2 protein chains.
Amino acid sequence: MNAPSTTEADLFVEELHPSLSDPGLETMNFLNEVAHRFPKAVPFAAGRPCEEFFDLDALPRYLTTFQRYLATEKGADERQVRRTLLQYGRTKGIIHELLARTLRLDEGIEVDPESIVVTAGCQEAMFLALRALCASEQDVVLAVSPSYVGLTGAARLLDREVWPVRETAHGVDLDHLVAQVAAIRAVGKRPRAFYLVPDFANPSGMSLDLDSRKALLDLAGQHDFLLLEDNPYGVFQAEDGPRVPTLKALDTDRRVVYLGSLAKTCFPGARVGYAVADQLVSSRHGGTGLLADELSKIKSMLTVNTSPLAQAMAGGKLLEHGCSLVRANQAEIAVYRRNMRLLLDGLRRRFPAGQPHGVSWNTPSGGFFVVVTVPFVADDAMLEHSARRHEVLWTPMSHFYDGGGGANQLRLSISVVTPEQVETGLDRLLALVEEQAHRAGAGN
Amino acid sequence: MNAPSTTEADLFVEELHPSLSDPGLETMNFLNEVAHRFPKAVPFAAGRPCEEFFDLDALPRYLTTFQRYLATEKGADERQVRRTLLQYGRTKGIIHELLARTLRLDEGIEVDPESIVVTAGCQEAMFLALRALCASEQDVVLAVSPSYVGLTGAARLLDREVWPVRETAHGVDLDHLVAQVAAIRAVGKRPRAFYLVPDFANPSGMSLDLDSRKALLDLAGQHDFLLLEDNPYGVFQAEDGPRVPTLKALDTDRRVVYLGSLAKTCFPGARVGYAVADQLVSSRHGGTGLLADELSKIKSMLTVNTSPLAQAMAGGKLLEHGCSLVRANQAEIAVYRRNMRLLLDGLRRRFPAGQPHGVSWNTPSGGFFVVVTVPFVADDAMLEHSARRHEVLWTPMSHFYDGGGGANQLRLSISVVTPEQVETGLDRLLALVEEQAHRAGAGN
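From a predicted model like this one, the values you see are computed outputs, not experimental measurements. (Residues numbered from 1 in each chain as written. Chains lettered and ligands numbered in written order. Predicted model: local features only at pLDDT ≥ 70, side-chain atom pairs only at ≥ 80, totals over all residues. Heavy atoms only, no water.)

**Structural notes on the overall build of chain A**
Helices and strands together make up the secondary structure of chain A, namely 15 helices and 17 strands. Here chain A has a C-alpha radius of gyration of 23 Å; the compact-globule value for 444 residues is 22 Å, and the two agree. Relative to its 444 residues, chain A shows a buried fraction of 60%. Sequence-distant contacts in chain A: of pairs separated by 6 or more residues, those separated by 24 or more amount to 72%. Of the roughly 16400 Å² of accessible surface on chain A, a fraction of 51% belongs to carbon and sulfur atoms. Distance between charge centroids for chain A: 3 Å, based on 45 positive and 55 negative side chains. (Helix = DSSP H or I, 4+ residues; strand = E, 2+ residues; numbered from the N terminus. Rg over C-alpha atoms; globule rule 2.2 N^0.38 Å. Buried < 20%, exposed > 50% of the residue type's maximum accessible area, 1.4 Å probe, protein only. Contact = heavy atoms within 4.5 Å. Areas by Shrake-Rupley, 256 points an atom, 1.4 Å probe, with all protein chains shown as cover. Lys, Arg positive; Asp, Glu negative; His and termini not counted. Charge placed at Lys NZ, Arg CZ, Asp CG, Glu CD.)

**Quick word on the pairing of strand E14 (residues 369–373) of chain B**
Residue and element names in this part refer to chain B. Within E14, four of the five residues are buried, which leaves it mostly tucked inside the rest of the structure. By the bridge criterion, two bridges tie strand E13 (residues 360–361) to E14 in an arrangement that is antiparallel. Bridge pairing links Trp361 to Val372 in E14. In this sheet, strand E17 (residues 409–413) lies alongside E14 in antiparallel orientation, the contact comprising five bridges. The residue of E17 that forms the bridge with Thr373 is Gln409. (Pairing = 2+ DSSP bridges.)

**Description of the domain arrangement of chain A**
Residue and element names in this part refer to chain A. According to the domain assignment, chain A contains domain 1 (12–52 + 329–443) and domain 2 (59–327). Taking only C-alpha atoms into account, the centre of domain 1 sits 28 Å from that of domain 2. Each partner contributes residues to the interface: domain 1 has 27 residues there, and domain 2 has 30 residues. Carbon and sulfur atoms make up 54% of the surface buried where domain 1 meets domain 2, a total of about 2400 Å² over both sides. Contact with domain 2 buries area across many residues of domain 1, yet Asn329, Arg337 and Phe400 alone supply 25% of it, more than any other trio. At the junction of domain 1 with domain 2, the criterion picks out 17 residue pairs in polar contact (both at pLDDT 80 or more). Broken down by secondary-structure element, the contributors of at least two residues to the side of domain 1 that touches domain 2 are helix H13 (330–350) and strand E14 (369–373). (Domains from an automatic or database assignment. Buried area = accessible area lost by both parts, 1.4 Å probe. Polar contact = N/O pair within 3.5 Å; in protein donor to acceptor, adjacent residues only side chain to side chain.)

**Notes on the environment of A:Asp211**
All names here are of chain A. Looking at the secondary structure, you find Asp211 in helix H8 (residues 210–223). By relative accessible area, which is 60% here, Asp211 ends up exposed. For the pair Asp211 and Pro43, spaced 168 residues apart in sequence, the C-alpha separation works out to 36 Å.

**Topic: the packing of helix H5 (residues 121–133) of chain A against helix H10 (residues 291–300) of chain A**
Helices that pack against each other are described as a pair by the angle of their axes relative to one another and the distance between those axes. All names here are of chain A. Relative orientation of the contacting elements H5 and H10 amounts to 110°, with a least axis distance of 9 Å. In this view, H5 runs roughly perpendicular relative to H10, as classed from their interaxial angle. Along its contact with H5, which presents Glu124, Leu128, Ala129, Arg131 and Ala132, the element H10 presents Leu295, Ile298 and Lys299. When grouped by side-chain class, the residues that make up the contact of H5 with H10 number five nonpolar, no polar and three charged. (Axes fitted to C-alpha atoms, helices over the stretch in contact; angles between N-to-C directions. Parallel < 35°, antiparallel > 145°, perpendicular 65-115°, else oblique. Nonpolar A, V, L, I, M, F, W, Y, C, P; charged D, E, K, R; others polar.)

**Considerations on the pattern of salt bridges**
Applying the stated criterion across every chain yields a total of 70 salt bridges over all chains. As a salt-bridge pair, B:Arg83 and A:Glu51 come within 3.0 Å of each other at their nearest N and O atoms. With B:Arg83 in helix H3 (residues 78–86) and A:Glu51 in the loop between strand E2 (42–43) and helix H2 (58–72), this residue pair bridges two chains. Given a relative accessible area of 30%, B:Arg83 falls into the partly exposed group. Residue class for A:Glu51 comes out buried when judged on its relative accessible area of 13%. One salt bridge connects B:Glu15 with A:Arg284, and the closest N-O pair in it is separated by 3.2 Å. Remark: A:Arg284 occurs in the loop between strand E11 (280–282) and strand E12 (288–290) and B:Glu15 occurs in the loop between strand E1 (11–12) and helix H1 (23–37); the pair is interchain, linking two chains. (Salt bridge = Lys/Arg side-chain N within 4 Å of Asp/Glu carboxyl O.)

**Digging into the relation of the copies chain A and chain B**
Least-squares fitting of chain A to chain B yields an RMSD of 0.0 Å, with the transformation described by 0.0 Å of translation along the axis and a rotation of 180°. Seen this way, the second copy is the image of the first under a two-fold rotation axis. Across chain A, the smallest distance between a C-alpha and the rotation axis is recorded for A:Pro60, namely 2.7 Å. Comparing interface residues between copies, 100% of those in chain A also sit at the interface in chain B, which points to an isologous, same-surface contact. (Least-squares fit on C-alpha atoms with pLDDT ≥ 70 in both.)

**A look at the side chain of A:Arg213**
Within the element layout of this structure, A:Arg213 appears in helix H8. Dropping the residues within four chain positions of it, A:Arg213 is found in contact with A:Pro198, A:Asp199, A:Leu208, A:Val244, A:Pro245, A:Thr246, A:Leu247 and A:Leu250.

**Details of the nonpolar core**
Of all hydrophobic cores here, the largest spans 84 residues; its most connected members are A:Leu228, A:Leu259, B:Leu228 and B:Leu259. Core analysis: the next-biggest nonpolar cluster, separate from the first, contains 82 residues, A:Tyr69, A:Leu98, B:Leu70 and B:Leu318 among them. (Core = buried A, V, L, I, M, F, W, Y, C linked by side-chain atoms within 4.5 Å.)

**Here's the deal with the interface of chain A and chain B**
In this assembly, 95 residues from chain A lie in contact with 95 residues from chain B. Each partner contributes to the roughly 8400 Å² buried at the junction of chain A and chain B, and carbon and sulfur atoms together form 60% of this total. At the junction of chain A and chain B, the tally comes to ten salt bridges. Put simply, chain A and chain B have 55 residue pairs in polar contact (both at pLDDT 80 or more) between them. Here the side of chain A that touches chain B is built from residues that sort into 45 nonpolar, 23 polar and 27 charged.

**Observations concerning the sheet that holds E13(B)**
Read from one edge of the open sheet, four strands run E13-E14-E17-E16 (chain B), paired in antiparallel fashion. Each edge of the open sheet is held by one strand with a lone partner, namely E13 and strand E16 (395–396) of chain B.

**A few points about the pairing of strand E7 (residues 190–196) of chain B**
Residue and element names in this part refer to chain B. Within E7, six of the seven residues are buried, which leaves it mostly tucked inside the rest of the structure. Looking at chain direction, E7 and strand E8 (residues 226–230) are connected through four bridges and run parallel. When the bridges of E8 are listed, Leu196 appears paired with Glu229.

**Things to note about the UniProt feature "domain: Aminotransferase class I/classII large" (unreviewed entry) in chain A**
Mapped onto this numbering, the UniProt entry gives "domain: Aminotransferase class I/classII large" (unreviewed entry) at residues 79–429 of chain A. Helix and strand shares over residues 79–429 of chain A are 41% and 18% respectively, and the end C-alpha atoms of the span are 58 Å apart. (UniProt positions renumbered as here; feature names shortened; annotations may be inferred.)

**Notes on the sheet that holds E11(A)**
Backbone-to-backbone hydrogen bonds join strands into a sheet, with any given pair of strands oriented parallel or antiparallel. One open sheet accounts for three strands, arranged E12(A)-E11(A)-E1(B); its pairing is mixed. Among the strands making up the open sheet, the edge pair consists of E12 of chain A together with E1 of chain B. Here E11(A) runs beside E12(A); their pairing, made up of three bridges, is antiparallel. Paired with A:Leu280 across the strands is A:Leu290, a residue of E12(A). H10(A) rests against E11 and E12 of chain A together with E1 of chain B of the sheet, and its axis sits at about 70° to E12(A).

**Observations regarding the environment of A:Ala328**
Relative to the elements of secondary structure, A:Ala328 occurs in helix H12 (residues 325–328). Contact partners of A:Ala328, with chain neighbours within four places excluded, come to A:Lys317 and A:His321.

**Description of the packing of helix H2 (residues 58–72) of chain B against helix H11 (residues 308–320) of chain B**
Residue and element names in this part refer to chain B. At a closest axis distance of 7 Å, the pairing of H2 and H11 adopts a crossing angle of 85°. Here H11 runs roughly perpendicular to H2, going by the angle between their axes. Residue-level inspection shows Leu59, Arg61, Tyr62, Leu63, Thr65, Phe66 and Tyr69 of H2 in contact with H11, the latter providing Leu309, Ala312, Met313, Gly315, Gly316, Lys317, Leu319 and Glu320. Residue composition of the contact of H2 with H11, grouped by class: nine nonpolar, three polar and three charged.

**Overview of unusual backbone geometry**
Residue and element names in this part refer to chain A. Note that the residue after Ser145, namely Pro146, is joined by a cis bond; omega there is 10°. Turning to its location among the elements, Pro146 is positioned in the loop between strand E4 (139–145) and helix H6 (149–157). The phi torsion at Val304 lies on the positive side, around 70°, for a residue other than glycine. Assignment of secondary structure puts Val304 in the loop between H10 and helix H11 (308–320). The backbone of Glu391 shows a phi angle near 55°, a positive value even though the residue is not glycine. Within the secondary structure, Glu391 is located in the loop between helix H14 (380–390) and strand E15 (392–393).

Below you can see the structure in the form of structure tokens.
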């Protein structure tokens with residue numbers, strides 16, 4: 001917002017939808033804007049995937065690969081291939097069968113391709129699920145706190161409440177979850193779903209252990225709500241070895257709506273995500289269908305269908321790697337593992353155990369994010385200072401707490417930094433910590 | 001909806017969002033399903049663009065053309081080009097400057113590219129505008145009736161009312177518009193915008209004359225609402241010669257939010273549309289920005305950004321035709337003109353003036369659609385009969401009237417039929433009309 005005087009205004013933001021006056025939104029803009037203003041600062045704030053393996057030359061080949069798949073596996077003639085890629089098409093998408101194969105191979109999830117809705121990024125999948133489930137203002141969603149801002153944003157767009165549930169070191173505070181569900185019912189409302197990222201969460205890096213996952217599925221059944229499992233980082237495990245199964249892989253009672261993203265595993269430029277919604281939906285007038293078909297109806301009123309051209313390019317990449325995103329991301333996985341190791345080692349070296357620096361951090365088993373606790377308030381003003389004076393960017397954790405929290409925490413991301421940047425960035429972070437300790441000392 | 005019994009239901013549709021129980025939605029599914037069941041019927045129902053010039057081989061070239069544009073016109077280096085196409089990107093899009101050129105060349109509309117938001121199809125643009133403007137349940141939107149179902153669907157998703165305004169042969173019933181605005185205010189609500197397709201409307205084929213456009217702009221100013229101008233068919237004029245200017249071209253007071261689609265003019269498979277929203281939005285706390293930036297914030301919570309890969313392919317096509325969609329669509333324009341002429345001539349021959357057949361129709365000056373009035377009820381049951389017995393598909397006009405209307409009318413579309421199909425289809429329509437007349441006669 002800048003420039004002309006309010007006298008010539010056509011509209012007032014206060015008369016537009018309340019989500020536009022939400023401070024959370026301003027704050028996200030601020031973060032983007034700081035990164036833009038200090039391009040030389042070490043980008044520990046960026047959540048986007050690494051770019052070093054982006055390959056524009058592969059795109060025409062992906063298109064051709066997908067066309068060949070349509071012709072050979074789906075028996076499409078030339079006209080049908082053209083129509084599939086260029087015409088209006090199936091609302092639920094055209095790569096649903098490939099995604100079902102990917103889920104089987106990478107995640108051990110068995111789903112009917114008909115229960116998959118391909119979406120304009122995972123953000124749309126989130127929106128569709130919330131719109132379907134939160135019918136009236138009585139319907140609220142629960143979310144792990146700290147939470148991904150996209151979930152909060154989608155709920156705000158729909159004027160729906162998000163009730164926070166505390167996170168623990170190994171999962172979710174299940175007692176708090178049960179208490180919140182009871183509190184929601186006590187005020188006459190209905191808990192519809194609980195949103196979380198069980199693997200290498202954004203922003204916290206947290207992963208649920210197996211027992212917590214099973215307990216969570218049990219609670220969802222007992223208290224009658226769904227689980228919205230968001231899994232953008234699952235394949236980016238920091239060590240070799242078996243992964244803890246996703247909630248959806250453990251889901252025997254169709255309690256989980258699985259939200260998938262290809263942004264980090266294919267390329268963000270496709271904007272392709274999906275929802276797996278195999279819940280059976282009945283009408284009191286008779287007839288039963290899949291929740292996926294209800295989400296598809298909502299999608300028809302929102303974006304009609306997901307660009308088949310974008311789907312074809314993502315689909316071509318899937319096909320060229322035998323529908324395994326683990327296989328497709330070997331190079332990226334190696335980069336993220338190296339960076340995560342460098343970051344954690346670098347933190348240990350700079351902030352040794354037993355010293356009174358007041359700095360601590362968690363040790364995620366994968367993904368992009370580490371949370372660092374510092375002995376000062378890590379807010380937007382401090383970020384601005386850190387960017388300007390020390391040339392290192394990070395994300396204040398307070399942005400991810402809807403109702404307050406995380407004041408002394410910051411999120412570091414390892415997804416787009418080089419090994420040199422990790423070291424430089426940590427040196428600069430150390431300088432910031434020392435400067436703040438000095439100031440606090442001087443103030444005593 | 002089919003198969004299993006309700007005893008094993010996970011959810012009930014009646015407890016999901018009310019838009020999912022809307023009869024209008026079922027009806028659209030029915031239309032798709034009828035077309036699917038009778039593939040040999042003449043497709044006078046299809047609203048999709050003709051496919052004969054679809055060219056898969058052009059796609060890699062479009063990508064290259066757009067990359068060259070980024071390099072030469074925007075000064076991007078190789079890394080920036082890769083990032084622009086494959087990484088997360090600008091929420092408002094990457095083809096805004098090309099679209100501004102297109103609007104200038106094809107429509108005489110001068111806009112700052114910063115006031116353009118590129119969207120996941122025009123449907124998303126519609127949704128963004130409604131979400132921004134209709135802040136609370138007090139905020140309602142007006143729409144010309146009969147209306148495009150996408151507008152009604154987007155409003156339903158947001159639990160917002162759509163008040164109908166009657167259409168006339170040459171535009172909109174302005175007296176009815178004023179009366180509806182007064183009625184809205186009388187019940188304590190706020191009319192935020194009036195939606196219409198001023199050129200070759202879907203479903204009616206109607207176009208507003210110049211005087212009606214000017215009067216409409218005046219009324220919007222006097223009564224303080226915006227105009228949502230949807231223009232997917234504007235370049236498909238049926239005769240050579242000057243076009244009536246769009247509302248946006250006549251808009252001196254920023255009263256018009258222009259909704260653009262590339263589905264009919266580039267290819268539906270890109271799913272790229274846009275909104276032009278140059279309204280100045282002030283905050284009471286100070287500061288002024290563009291409505292486009294507010295729509296962009298909403299988009300960040302809905303789909304994040306529009307697939308840059310899809311934008312690049314549409315952008316490449318724009319560039320290869322000097323950013324003129326009129327030029328890019330010469331072949332398509334010729335097909336639609338020929339089909340429209342054949343349809344209107346064919347109707348005249350089969351239902352000659354002065355004969356007691358009870359059949360009449362309008363004469364659109366462009367676009368895809370003609371409305372035919374028939375002496376029987378043209379509802380879903382009749383469509384099913386028409387498809388099964390006579391092998392001709394059309395769309396009951398009643399689907400486009402939210403509050404009832406169009407019972408004796410059907411919409412014929414000329415966009416995907418061959419000349420032979422026009423003749424066969426009209427013969428079959430004649431047979432249907434004669435059969436119904438015979439039945440009515442027998443029933444007397």
